[in-house]
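This is what each chain is made of:
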Amino acid sequence: MIGCGYLGAVHAACMAGLGHDVVGVDVDEGKVAALQSAAAPFYEPGLNELLADIQAGGTSGGATSGSLRFTTDLGQIAGARAHFVCVGTPQRRGENAADLRYVDAAFASAAAHLAPGDLIIGKSTVPVGTARRLAEDLHRTAPEARLVWNPEFLREGHAVTDTLHPDRLVYGIPDDPDRDATAAVLDEIYAAPLAGGSARLITDYPTAELVKTAANSFLATKISFINAMAELCEAAGADVTELADAIGLDDRIGRKFLNAGLGFGGGCLPKDIRAFMARAGELGADQALTFLREVDAINMRRRIRMVELAREVCDGSFLGQKIAVLGAAFKPESDDVRDSPALNVAAQIQLQGGNVVVTDPKALANAEHRFPDLQYEEDLETALTGADAVLLLTEWTQFTGLDPEATGALVRTRRILDGRNVLTPATWRAAGWTYRALGRP
Ligand SMILES: NC(=O)c1ccc[n+]([C@@H]2O[C@H](COP(=O)([O-])OP(=O)(O)OC[C@H]3O[C@@H](n4cnc5c(N)ncnc54)[C@H](O)[C@@H]3O)[C@@H](O)[C@H]2O)c1
């Protein structure tokens, strides 16, 4: 496993849990040291338990575990039959396009260690056309190795389950005489999920790459669609959560991903839709994806609207007001703060003079690293004490389960902004709170 971040570390642990012998390589010494001592360098439910279980030779995943070790020495990949590339593909600075330097470097340095017949398997999310280009390079540097594109669909917060029981496995393999033999190696690696019912699709390279970006674009569009409806609901005095319930009952639409609120963030959806637009432009097909610009714009508008709504509730100014921000992670059950809507809102309010205190069960260390000027508080009660307004921006159960009376006894003024539409307005209003949310009267 080359690259042991949110994707690679989970994939490494799960593959070992399924009985394979795995070596995880990363250039980050701190990450490697943490993983080697069975302590994941990030929060992902079930991951530490899985790492510890494998170290103890356990049976997570249904099979006797294989071996698992982590190293910074890429030479240790020699002898493996399958090499997964899981390095990052962030947005390029000042551009929409993906930065492929880590993928290119990983492939170039791995090539020297590949033996004839080895598979090198791309899992990172890349612009369509990348696999074909990498395969051409590989043809020169390691002609007897074979490249597969096997995009990853895991969700942070559910990564272990998603890796052990994926909805589908997509193998991007060129249509040549070795295709079946290559697929057979992947089938062996994924024997347990396949036996458990995961669907398996074999496609060419560009289709496999597009499956990932198309899926993320669809999800982002669904979220922005309901958030656009929230804007209309606000203008018309309607309730977007009731609207979502009603349209979601149509099984052609479905209720999932129709939760209006502060919108999406994280290390994937925002950069993936932007990279997709950039790539479409390069291919001369930019018109096909102009709608994604609107999807992105609707999403970013939610953050601005949230700040406006909070200011409205605070009688027009944040000056001298303590604002308790509940949530720093981009979503619950994760400590990932990349492009976090909650932190974006917190920073805007602080810039407008608010005395902002951010609390989160898992993400404070990462948040402090990204936004060192914000004030953080680990203890939820302390964060709430004396607040003039409470903003629920990441729907951790610790926050969604708050009791209006007990919370009311801590704050100075009973004002709550429900950035994720997860509270019951009537209950909070009955306890004397001013309750406001995006897309609700
Ligand atoms: N995080 C997710 O939920 C998720 C889901 C599906 C797909 N993806 C995709 O997977 C890829 C990785 O995402 P992530 O969230 O795990 O990123 P991440 O930043 O958490 O991890 C990337 C890791 O790669 C390491 N790395 C960089 N260059 C390296 C090299 N040459 N050799 C070895 N290690 C190297 C980094 O040190 C880092 O630990 C991205 O393309 C992302 O879009 C992520």
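Residues numbered from 1 in each chain as written. Predicted model: local features only at pLDDT ≥ 70, side-chain atom pairs only at ≥ 80, totals over all residues. Heavy atoms only, no water.

1. Side note on the overall build of the protein
Right, so step 1: In terms of helices and strands, the protein carries 18 helices and 13 strands.
Right, so step 2: Relative to a compact globule of 441 residues, whose C-alpha radius of gyration would be 22 Å, the protein shows 23 Å and is just as compact.
Right, so step 3: Seen through its C-alpha atoms, the protein measures out along the principal axes to roughly 70 × 50 × 40 Å.
Right, so step 4: Burial statistics for the protein: of 441 residues in total, 53% are counted as buried.
Right, so step 5: Of the roughly 18,900 Å² that the protein leaves accessible, carbon and sulfur atoms contribute 52%.
Right, so step 6: Taking the 41 positively charged and 58 negatively charged side chains of the protein as two groups, their mean positions are separated by 4 Å. (Helix = DSSP H or I, 4+ residues; strand = E, 2+ residues; numbered from the N terminus. Rg over C-alpha atoms; globule rule 2.2 N^0.38 Å. Buried < 20%, exposed > 50% of the residue type's maximum accessible area, 1.4 Å probe, protein only. Areas by Shrake-Rupley, 256 points an atom, 1.4 Å probe, with all protein chains shown as cover. Lys, Arg positive; Asp, Glu negative; His and termini not counted. Charge placed at Lys NZ, Arg CZ, Asp CG, Glu CD.)

2. Concerning the environment of Thr413
Right, so step 1: Relative to the assigned elements, Thr413 resides in the loop between α17 (404-410) and β12 (415-418).
Right, so step 2: Taking the relative accessible area as the measure of exposure, Thr413 reaches 25% and is therefore partly exposed.
Right, so step 3: Along the backbone, Thr413 and Gly432 are 19 residues apart, and their C-alpha atoms lie at a distance of 9.7 Å.
Right, so step 4: Ignoring sequence-local partners within four residues, the contact set of Thr413 consists of Ala387 and Asp388. (Contact = heavy atoms within 4.5 Å.)

3. Points about the pattern of salt bridges
Right, so step 1: Applying the stated rule across the entire model yields 31 salt bridges.
Right, so step 2: Across the pair Glu152 and Lys123 runs a salt bridge whose closest N-O atoms are separated by 3.4 Å. With Glu152 in the loop between β5 (146-149) and α6 (159-164) and Lys123 in the loop between β4 (119-122) and α5 (130-141), this residue pair connects regions lying 29 residues apart in the sequence.
Right, so step 3: Overall, the relative accessible area of 12% leaves Glu152 in the buried class.
Right, so step 4: Linking Glu231 and Arg302 is a salt bridge whose minimum nitrogen-to-oxygen distance equals 3.5 Å. Of this pair, Glu231 sits in helix α9 (residues 205-236) while Arg302 sits in helix α12 (residues 290-313), placing them 71 residues apart in sequence. (Salt bridge = Lys/Arg side-chain N within 4 Å of Asp/Glu carboxyl O.)

4. Section: the site of the ligand
Right, so step 1: Within the structure, the ligand sits among 24 residues, and Asp26, Lys31, Thr89, Glu156 and Lys271 are positioned closest to it.
Right, so step 2: Between an oxygen atom of the ligand and a side-chain N or O atom of Arg338, the distance comes to 2.8 Å.
Right, so step 3: Residues lining the shell around the ligand come from more than one domain, with at least three contributed by each of domain 1 (6-203) and domain 2 (212-298). (Near = heavy atom within 4 Å. Polar contact = N/O pair within 3.5 Å; in protein donor to acceptor, adjacent residues only side chain to side chain. Domains from an automatic or database assignment.)

5. Structural notes on the packing of helix α11 (residues 269-282) against α12
Right, so step 1: Running from amino to carboxyl end, α11 crosses α12 at an angle of 150°, the nearest separation of the two axes being 10 Å. Considered as vectors, α11 and α12 are oriented roughly antiparallel to each other. Classified by chirality, the crossing of α12 by α11 is left-handed. Residues Ile273, Arg274, Phe276 and Met277 of α11 form the contact with α12, whose own contacting residues are Leu292, Arg293, Val295, Asp296 and Met300.
Right, so step 2: A class-by-class count of the residues in the contact of α11 with α12 yields six nonpolar, no polar and three charged. (Axes fitted to C-alpha atoms, helices over the stretch in contact; angles between N-to-C directions. Parallel < 35°, antiparallel > 145°, perpendicular 65-115°, else oblique. Left-handed = near helix turned anticlockwise from the far one by under 90°. Nonpolar A, V, L, I, M, F, W, Y, C, P; charged D, E, K, R; others polar.)

6. Here's the deal with the environment of Gln398
Right, so step 1: Tracing the backbone through its elements, the reader meets Gln398 in helix α16 (residues 397-400).
Right, so step 2: Between the alpha carbons of Gln398 and Pro361 there is a distance of 8.1 Å; along the sequence they are 37 residues apart.
Right, so step 3: Beyond its immediate chain neighbours, meaning those up to four positions away, Gln398 contacts Pro361 and Leu380.

7. Notes on the UniProt feature "domain: UDP-glucose/GDP-mannose dehydrogenase C-terminal" (unreviewed entry) in the protein
Right, so step 1: Residues annotated in UniProt with the feature "domain: UDP-glucose/GDP-mannose dehydrogenase C-terminal" (unreviewed entry) correspond here to residues 324-425.
Right, so step 2: In this annotation, residues 324-425 is assigned 34% helix and 18% strand; the end-to-end C-alpha distance for the span is 19 Å. (UniProt positions renumbered as here; feature names shortened; annotations may be inferred.)

8. Overview of unusual backbone geometry
Right, so step 1: In the Ramachandran plot, Glu333 falls in the positive-phi region, its phi being about 65° despite a non-glycine side chain.
Right, so step 2: When you line up the elements, Glu333 lands in the loop between β8 (322-326) and α13 (341-351).
Right, so step 3: Given the relative accessible area of 30%, Glu333 is considered partly exposed.
Right, so step 4: At Asn421, a residue that is not glycine, the phi angle is positive and equals roughly 50°.
Right, so step 5: Within the element layout of this structure, Asn421 appears in the loop between β12 and α18 (425-430).

9. So, the environment of Ala39
Right, so step 1: Inspection of the secondary structure assignment puts Ala39 in the loop between α2 (29-36) and α3 (47-55).
Right, so step 2: Counting along the chain gives 194 residues from Ala39 to Cys233, while the straight-line C-alpha distance between them is 46 Å.
Right, so step 3: When neighbours within four sequence positions are excluded, Ala39 is seen to be in contact with Ala34, Asn48 and Leu51.

10. Concerning the packing of helix α4 (residues 101-111) against α5
Right, so step 1: The contact between α4 and α5 brings their axes to 10 Å, and the two run at 25°. Taken together, α4 and α5 sit at an angle that is classed as roughly parallel. In this structure, α4 meets α5 at a crossing whose hand is right-handed. Note on element contacts: α5 touches α4 through Arg133, Leu134, Leu138 and Thr141, opposite Val103, Asp104, Phe107 and Ala111.
Right, so step 2: Across the contact of α4 with α5, the residue classes tally to five nonpolar, one polar and two charged.

11. Describing the sheet that holds strand β10 (residues 375-376)
Right, so step 1: Strand order in this open sheet of six strands is β10-β9-β8-β11-β12-β13, and the pairing throughout is parallel. Each having just a single partner strand, β10 and β13 (434-437) make up the two edges of the open sheet.
Right, so step 2: Where strand β11 (residues 389-392) and β12 come together, three bridges link them in parallel fashion. Pairing of Val390 across the sheet is with Ile416, part of β12.
Right, so step 3: α13 rests against β8, β9 (355-359), β10 and β11 of the sheet, and its axis sits at about 160° to β9. (Pairing = 2+ DSSP bridges.)

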